[in-house]
Amino acid sequence: MVSIDTVASDPNGIYVWLIWLLPFIGALIIPGVVRISKYVPGLTTGRVAIAFAAMSAVSAGSLFLGALDGIEIHDQITWISALGLKAGVLADPLSIIMANVVGWISFLIICYSTGYMKGDKDITRFWFWMMFFIGSMQLIVLSDNLLQIFFGWEGVGLASYALISFWYRDKAKDHVGKEGRTALGIMEYYSPTHSGMKAFIMTKVGDIMMLAGMFMIFAFAGTFGLKELLYETSWAVEMSAQSLLVPAAVLLFGGAVGKSAQFPLNEWLLEAMTGPTAVSALIHAATMVKAGVFLVARLGPLFFALGAAGIMADQFFEIIAWVGAITALLLATQGMVNPEIKKVLAYSTGSQIGYMMMALGVAGLSTQYVDGYTAGFFHLISHAMFKASLFMAAGSLLHVVGSRFMTDMGGLRKQMRKTYAFMWAAGLALMGAPFITTGFWSKDAIFAAVYESGSGWALPIFIIAVLTAVITAFYTTRMIGMVFFGKNSKHIEKMESEGHHIHEAPLSMWIPYGILAVLTIGIGVIGLSAEEGIHHLFTDYLEESFGIHTPHIDLEHSETLGFLSGLNPVALGSSLVAFSVGFGLGYIFYIGRWIDPAKFINSNIFFYALHKLILNRYYLNSMIYWSFVIAPLWLARGLYRYFERTAIDTGMNIGFERAIGWGAKVVQGTQTGVAQSYLYVFGAGVLFVVLILFI
Amino acid sequence: MEYALLQAVFLPLLLSPLAYYIGRVKGPTYATWFTFGILLYCTILVINASLGGTYEEHYPWTDLFGEFGFLLDGLASPFAIMIYVLCTILALYSKPYMVHKFEEVYKQIHNIKEDESDGQSTALLESSGLKTYVNNQSGLYFAMFLVFSMGMLGTVLSTNLIEFYIFFEVMLIPSFFLIAWYGDGPKRRIALMFFFWTHVGAVILLLGFLSIGLTIGSFDFADIDETGIPSDVVIIAAVAIIIGLGVKLAAFGFHIWLPWAHGAAPTPISALLSPAMIGIGAYGLFRLIVELLPQAYADLSIWLNFWGIATMFYGGAMALMQDDIKRVFAYSSVSQMGYVLFGIGSLSAYGLAGAELMYVTHALGKGLLFMTAGILIVQVGTRQLSKLGGLASKLPITAVCAVIGALTIMGVPPTSGFMGEWMLFYGAFETAVEEGNDWRMLAFALGLISTVLTMSYILWMLKRVFFGKIPENLTHVKDGSWYMLAPMMVLAGFTIVLGIYPDIFLQKIMPYMNGLGL
């Protein structure tokens, strides 16, 4: 236990520091490596990046076994002594597992990038920001105080800005969307530099909310430290008395909403697809959007634990659950109609993050906090694996086909067998294919947690969750069907006729996503025990670190199901049904191709309108542009033209000049030089004085 | 070291004729390094003096005004150090920029067309007429530069109202000439306008000073005790001082001169005017209002808070509308001074410390950005955003430095901008909670929102200069000379060091702010 004044230290702390410092060091030396690489054979920036990513991942890995035993490493140094603030690392089971997920997946993505980015002339900048990105994410994961987390938080935002607009020359092939398409007068076609700005500014909106939340807590607790906040909870009592605790918690969650692209700050995520695909994989699987979920996982138990002291933060958890549920459904529906493969995956990420938020939210509404908590976090891990794999595979497709549109692909299953197989494996995990994929177990755990939470909102959220699962299975099948089944598209035929041979991606590219796809299935097979392991670990973790006691539940009633004991039959059943319905519908339209989807949509006005509404992103993006871009610009222009140019510039500059000039003329007019008129004025003056004196 | 501050202030003034002479005889390179040497020496003196805590020097002056002293305490030292660091660095940066400018003016005077062949223009460069012209002008420039520097330093070190006022005006005179001689556009008219506005502000300030000094019979800071002054005089004096300094700060309503002056001034001078000089208005508010008139400060602070908010938003909105890059930065300075004003109005130690750190940050960030503008003017030959684009590949080092400067202004960690920003916003929040004041809470929320506006105009500026498609006539642009790049790299490095380890200044600032007893 740590009070505010002591400085915690731990001999193993150095390994924890290294996890996040190494990527930064790598980032800093990479520009130097370019200079000396001419003289040292075999030294390339890519290899340096791989080495540092590997070292960081290995130091995270070295703590992994400790995490299973529930160790906690807390190491601090003084930072801003003038304010009494300390910097520190906190490695507990939650952060160690997260650091491993981030570290190893980033490592694979870095390996993949050596193939994907080969020959790009700005490669140094790419490596610099990739390493910066990983370092910032690890900083978020391992920091022991909110201020330091915020450093990582903004670092992640900065890196995403730099990488989303990586191809800053704004060539047409790097744009997203379709040229000329508009929704409510807003162009649906974005350049990389525009998208980078959009991402940075939109997440900044979340960031200022988070900052405000941090300030609230700091104002009452006098510390940013996570351990310190837990050690002495009188701040919470006081805040709750002034009913500021829930607002503070919700504002902190606002940061997560921005970073994790949750409703209503979800719109940046789509345009983030202008970055190189390796970047998208990193953003979606390991860094950036996962930061928000991690923050909720980091802070959720803190607010839940306050419940023991009679300070309830139920609204906080309700908001998290609902934001998650709305986002899950909203983005999944949009994934059904989009023609660009990376955008489908992006929608899918937002939607899956919604699941995680949902689980972390309902956890706080139930007495079994650990159920939802485990489910959310387990889903984070499994999503990290399969989404990284899917993105990297999509990158291969883009690399080979040279187009981001799925309509330009088609029939690739023969030409790209490995990618085809791996994409099925990872895609099945996303769909939640029963019993053999990690996605199934984690999604099932979320269903169960929601269903069993006992909250008043459980049923509507559960229905949304199942509906989303149906849609997820559908759009994933659609994606695979459009890319790999049917005949080759005209685009591919044209490429082949021009002499391009469509072939499998190079080794350095398919191995990383192959590994992840295999892992997805591999862990999926033992998925139930993996989940139980995490469950057990987190039960202890929450108990020891936060004092959240989990009552043991009699599991006997479900023994009839044999190896599935402990599973909730309703959740399991819905999960199976959702998968089969979604997959079946997808199969009919896109793999079997028995019905033409275009004809189906145009068959009646309702489907047509719905399709258009969804394709136009529910007009949310357009409304954001109208109210937060166009309107303020219009206002600023008016202010500039009619206030600054007239009242200030003309009025205070030329106006003063004229006024003085005019005044001078008036005074000049009295200087006539005629002695008589001077004498008259003098006489009038004398008369005036005399009158005043006498009257 | 004895007389350290006396040397630091008066050495540049005394040696300025020598700088003129060296420039005339030996040319711009010698004058540059001479100026740089003097300022470097003085900077080291200031830094050295500030290392050992509060440092004071007192010298006899007339009985009428009191003592002539220099005080380098927790408040003054960050200001003093930043002013001299910037001056020193900009002395080097001035060389290529000003030589370019002199040549341009010479060509204009002698009606020489730009489009003459290369051979002829090189011949021209070596021609004796041009050489003499450049030498003369650079001597004059560096002499003025030195006087300007000492004026700014003197203001922040002074311990007496009259001394403060004298230095306050001393920095105005050389800056007037620098704009009137070396500016762009209608430079004389703009210089006059700048002079009139800031001079009128200074006179109002003087009225405030006189009303205090004549009431208590002393002008020394140490003798000013608010309780001894009748309360109606205090409030009049405080308002006069705030208005006088508000003109210097270019706070909303009094900002008219700033975009013109910053736009027209030669870029190294813009880079001094904007971050170093206008911030002295903030220094004045700290010293004269917050420290010396605490009760008046407590009463007026909420107004400063909202004035700051208005300035933040107004400056930001205007910056969005500009096409001239230097005017973007000028309005951005208005907006940033709004942050400082907001911080000063926060009525808490954190907020005040944050506001002071904001000054330092702004000096670094805006210095970098103005220097970027200078490189664009020299290397690209235009400052219109609509004619620029995609230059990141042509000016890589400039682009990196500009991005670091931009991040500093936006307040993104790990640059020093974040350190200033979170502290001043936290300070405002703290007071709002303590007082239970909804207006202050509103100001806090609006302040946070305005950071998004700041971010928008800065990112948009970056996009229009460095990213996107490159115009065809700019494909042969090259990066600036090391005289320009090295100073930028120093500032860029410093902003990151300070962002990660703000203790460098906070260790001085915080004890002072805590000592105010807020």
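What you see is a predicted model; the values in this text were computed from it and never measured.

## A look at the overall build of chain A
Consideration 1: Looking only at helices and strands, chain A features 27 helices and four strands.
Consideration 2: Seen along its three principal axes, the alpha-carbon backbone of chain A occupies a region of about 120 × 70 × 65 Å.
Consideration 3: Across the 695 residues in chain A, those meeting the buried criterion constitute 60%.
Consideration 4: Relative to all contacts within chain A whose residues are 6 or more apart in sequence, the contacts with residues 24 or more apart total 81%.
Consideration 5: Positive and negative charge centroids in chain A, built from 40 and 43 side chains respectively, lie 19 Å apart.

## Remarks on unusual backbone geometry
Consideration 1: Put simply, Phe 263 of chain A and Pro 264 of chain A share a cis peptide bond, and its omega is 5 degrees.
Consideration 2: Relative to the helices and strands, Pro 264 of chain A is located in the loop between α10 (245–259) and α11 (268–271).
Consideration 3: For the bond from Pro 413 of chain B to Pro 414 of chain B, the omega torsion is 5 degrees, close enough to zero to count as cis.
Consideration 4: Looking at the secondary structure, you find Pro 414 of chain B in the loop between α16 (396–410) and α17 (416–435).
Consideration 5: The phi torsion at Met 288 of chain A lies on the positive side, around 45 degrees, for a residue other than glycine.
Consideration 6: Take Met 288 of chain A: its relative accessible area is 0%, and that puts it in the buried class.
Consideration 7: The phi angle at Arg 617 of chain A is positive, at roughly 60 degrees, despite the residue not being glycine.

## Some details on the interface of chain B and chain A
Consideration 1: Counting residues at the interface gives 56 residues for chain B and 47 residues for chain A.
Consideration 2: With both sides pooled, the region where chain B packs onto chain A buries about 4,600 Å², and carbon together with sulfur makes up 73% of that total.
Consideration 3: Linking chain B to chain A there are 14 residue pairs in polar contact (both at pLDDT 80 or more).
Consideration 4: Ranked by the residues each element gives to the side of chain B that touches chain A, the list is headed by helix α18 (residues 438–466) of chain B, at 12 residues.
Consideration 5: Looking at the side of chain B that touches chain A residue by residue, the class counts come to 41 nonpolar, 10 polar and five charged.

## Examining helix α18 (residues 438–452) of chain A
Residue and element names in this part refer to chain A.
Consideration 1: The end-to-end C-alpha separation of α18 is 21 Å, in line with the 21 Å expected for 15 residues at 1.5 Å each.
Consideration 2: For α18, the buried fraction is high: 13 of the 15 residues fall into the buried class.
Consideration 3: With its phi angle positive at about 75 degrees, Gly 454 sits one or two positions after the end of α18.

## A closer look at the pattern of salt bridges
All names here are of chain A.
Consideration 1: This structure, assessed with the given rule, holds 21 salt bridges over all chains.
Consideration 2: One salt bridge in this structure joins Arg 125 and Asp 122, with 3.1 Å as the shortest N-O distance.
Consideration 3: On the accessibility criterion, Arg 125 (25% relative accessible area) is partly exposed.
Consideration 4: For Asp 122, a relative accessible area of 16% corresponds to the buried category.
Consideration 5: A salt bridge links Glu 340 to Lys 343, with the shortest nitrogen-to-oxygen separation between them at 3.9 Å. Grouping residues by exposure puts Glu 340 and Lys 343 together as buried.
Consideration 6: One network of salt bridges, in which partners are shared, links Glu 188, Lys 198, Glu 267, Glu 271 and Arg 617.

## Some details on the packing of aromatic side chains
Consideration 1: Using the criterion set out here, one finds 99 aromatic pairs over all chains in the structure.
Consideration 2: Centroid distance Phe 474 of chain A to Phe 589 of chain A: 6.3 Å. Interplanar angle 90 degrees. Geometry classified as edge-to-face. With Phe 474 of chain A in helix α19 (residues 458–484) and Phe 589 of chain A in helix α23 (residues 569–591), the pair connects residues that are 115 residues apart, well separated along the chain.
Consideration 3: When its relative accessible area of 10% is taken as the criterion, Phe 589 of chain A is described as buried.
Consideration 4: Among the aromatic residues, ring-to-ring pairing joins Phe 303, Phe 304, Phe 316, Phe 317, Tyr 369, Tyr 373, Phe 377, Phe 538, Tyr 541 and Phe 546 of chain A into one connected group.
Consideration 5: Just above the ring of Trp 460 of chain B sits the side chain of Arg 464 of chain B; from NZ or CZ to the centre is 3.8 Å.

## A closer look at the packing of helix α26 (residues 620–670) of chain A against helix α8 (residues 187–216) of chain B
Packed helix pairs are specified by the crossing angle of their axes together with the interaxial distance, meaning the distance between the axes.
Consideration 1: It is the contact of α26 of chain A with α8 of chain B, at a shortest axis distance of 12 Å, that shows an interaxial angle of 90 degrees. With respect to their mutual orientation, α26 of chain A and α8 of chain B come out roughly perpendicular. Packed against α26 of chain A, whose contacting residues are Met 652, Asn 653, Ile 654, Phe 656 and Glu 657 of chain A, the element α8 of chain B presents Arg 189, Met 193 and Trp 197 of chain B at the interface.
Consideration 2: Grouping the amino acids of the contact of α26 of chain A with α8 of chain B by side-chain chemistry returns five nonpolar, one polar and two charged.

## Here's the deal with empty space enclosed by the protein
By rolling a water-sized probe across the atoms, one finds the places where empty space is left.
Residue and element names in this part refer to chain A.
Consideration 1: Scanning the entire structure with this criterion turns up six cavities of 30 Å³ or more.
Consideration 2: Of the volumes computed, that of the largest cavity is approximately 100 Å³.
Consideration 3: If you trace the largest cavity, you find it lined by Glu 72, Leu 90, Asp 92, Leu 226, Lys 227, Leu 230, Arg 298, Leu 302, Tyr 541, Ser 545 and Phe 546.
Consideration 4: For the lining of the largest cavity, the per-class residue count stands at six nonpolar, one polar and four charged.

## Some remarks on a nonpolar patch on the surface
Consideration 1: Taken together, the side chains of Leu 679, Phe 682, Val 686, Leu 687, Phe 688, Val 689, Val 690, Leu 691, Ile 692, Leu 693, Phe 694 and Ile 695 of chain A make up a nonpolar region of the molecular surface, amounting to roughly 1,400 Å² of accessible area.
Consideration 2: Its place among the elements puts Leu 693 of chain A in helix α27 (residues 675–694).

## Brief notes about the nonpolar core
Consideration 1: By size, the foremost hydrophobic cluster in this structure holds 441 residues, and its most contacted members are Phe 303 of chain A together with Ile 344 and Trp 422 of chain B.
Consideration 2: Tallying contributions element by element places helix α15 (residues 349–380) of chain B first for this core, with 21 residues.
Consideration 3: With residues near it in sequence (within four places) discarded, Phe 303 of chain A still touches Ile 217, Leu 245, Ala 249, Leu 252, Ala 313, Phe 316 and Phe 317 of chain A.
Consideration 4: In this structure, Ala 321, Tyr 355, Ile 446 and Val 450 of chain A belong to the second largest nonpolar core, which totals 23 residues.

## Remarks on the layout of surface pockets
Residues and elements named next belong to chain A.
Consideration 1: The space that makes up the second largest pocket amounts to roughly 1,300 Å³.
Consideration 2: As for the second largest pocket, its lining consists of 44 residues, and the residues nearest its centre are Val 337, Arg 478, Tyr 590, Ile 601 and His 611.
Consideration 3: Secondary structure elements with two or more residues in the lining of the second largest pocket: β3 (176–183), α19, α23, α24 (597–602) and α25 (605–615).
Consideration 4: The dominant element in the lining of the second largest pocket, judged by the number of residues it contributes, is α19, at six residues.

## Section: the side chain of Thr 454 of chain B
All names here are of chain B.
Consideration 1: Assignment of secondary structure puts Thr 454 in helix α18.
Consideration 2: Given a relative accessible area of 2%, Thr 454 falls into the buried group.
Consideration 3: Residue contacts for Thr 454: discarding those within four places in its chain leaves Ser 335, Gln 336, Tyr 339, Ile 409 and Met 410.

## Observations regarding the environment of Leu 292 of chain B
Consideration 1: By secondary structure assignment, the location of Leu 292 of chain B is in the loop between α12 (279–291) and α13 (294–320).
Consideration 2: Once the C-alpha coordinates of Leu 292 of chain B and Ala 143 of chain B are considered, the two residues, 149 residues apart in sequence, prove to be 35 Å apart.

## Comments concerning the pairing of strand β2 (residues 68–72) of chain B
All names here are of chain B.
Consideration 1: Where burial is concerned, most of β2 is hidden: five out of the five residues are buried.
Consideration 2: The alternating pattern of β2 places Phe 68, Phe 70 and Leu 72 on one face and Gly 69 and Leu 71 on the opposite face, and all of these are buried.
Consideration 3: Here five bridges tie strand β1 (residues 55–59) to β2, and the two strands are oriented antiparallel to one another. In the strand pairing of β2, His 58 is matched with Gly 69.

## Considering the pairing of strand β1 (residues 73–80) of chain A
Residue and element names in this part refer to chain A.
Consideration 1: Along β1, six of the eight residues are buried, which leaves the element largely enclosed by surrounding structure.
Consideration 2: Bridge count between β1 and strand β2 (residues 85–91): seven bridges; the pairing is antiparallel. Its bridge partner lying in β2, Ile 73 is registered against Ala 91.

## With respect to the packing of helix α16 (residues 369–401) of chain A against helix α17 (residues 417–431) of chain A
All names here are of chain A.
Consideration 1: Contact geometry of α16 with α17 gives a least axis separation of 9 Å together with a crossing angle of 145 degrees. For the pair α16 and α17, the crossing hand works out as left-handed. Residues Phe 386, Ser 389, Leu 390, Ala 393, Ala 394 and Leu 397 of α16 lie in contact with α17, whose contacting residues are Thr 419, Met 423, Ala 426, Gly 427, Ala 429 and Leu 430.

## Digging into the confidence of the model for chain B
In low-pLDDT regions, the fine details of the predicted coordinates are not to be read closely.
Consideration 1: Taken residue by residue, chain B gives an average pLDDT of 89. The fraction at 70 or more is 97%.
Consideration 2: Scoring of the predicted complex yields 0.92 for pTM and 0.91 for ipTM.

Procedures and definitions
- Residues numbered from 1 in each chain as written.
- Chains lettered and ligands numbered in written order.
- Predicted model: local features only at pLDDT ≥ 70, side-chain atom pairs only at ≥ 80, totals over all residues.
- Heavy atoms only, no water.
- Helix = DSSP H or I, 4+ residues; strand = E, 2+ residues; numbered from the N terminus.
- Buried < 20%, exposed > 50% of the residue type's maximum accessible area, 1.4 Å probe, protein only.
- Contact = heavy atoms within 4.5 Å.
- Lys, Arg positive; Asp, Glu negative; His and termini not counted.
- Charge placed at Lys NZ, Arg CZ, Asp CG, Glu CD.
- Buried area = accessible area lost by both parts, 1.4 Å probe.
- Polar contact = N/O pair within 3.5 Å; in protein donor to acceptor, adjacent residues only side chain to side chain.
- Nonpolar A, V, L, I, M, F, W, Y, C, P; charged D, E, K, R; others polar.
- Expected span 1.5 Å × (residues − 1).
- Salt bridge = Lys/Arg side-chain N within 4 Å of Asp/Glu carboxyl O.
- Phe/Tyr/Trp six-rings, centres within 6.5 Å; stacked < 30°, edge-to-face > 60°.
- Lys NZ or Arg CZ within 6 Å of the ring centre and 35° of its normal.
- Axes fitted to C-alpha atoms, helices over the stretch in contact; angles between N-to-C directions.
- Parallel < 35°, antiparallel > 145°, perpendicular 65-115°, else oblique.
- 1 Å grid on protein atoms, 1.4 Å probe; cavity = no way out; pocket = protein on both sides within 12 Å on 5 of 7 lines; lining within 4 Å.
- Points joined across faces, edges and corners; volume = space filled by probe spheres on them.
- Patch = residues over 30% accessible without salt bridge, like charges linked within 9 Å, V, L, I, M, F, W, Y side chains within 5 Å.
- Areas by Shrake-Rupley, 256 points an atom, 1.4 Å probe, with all protein chains shown as cover.
- Core = buried A, V, L, I, M, F, W, Y, C linked by side-chain atoms within 4.5 Å.
- Pairing = 2+ DSSP bridges.
- Left-handed = near helix turned anticlockwise from the far one by under 90°.
- pLDDT = per-residue confidence, 0-100.

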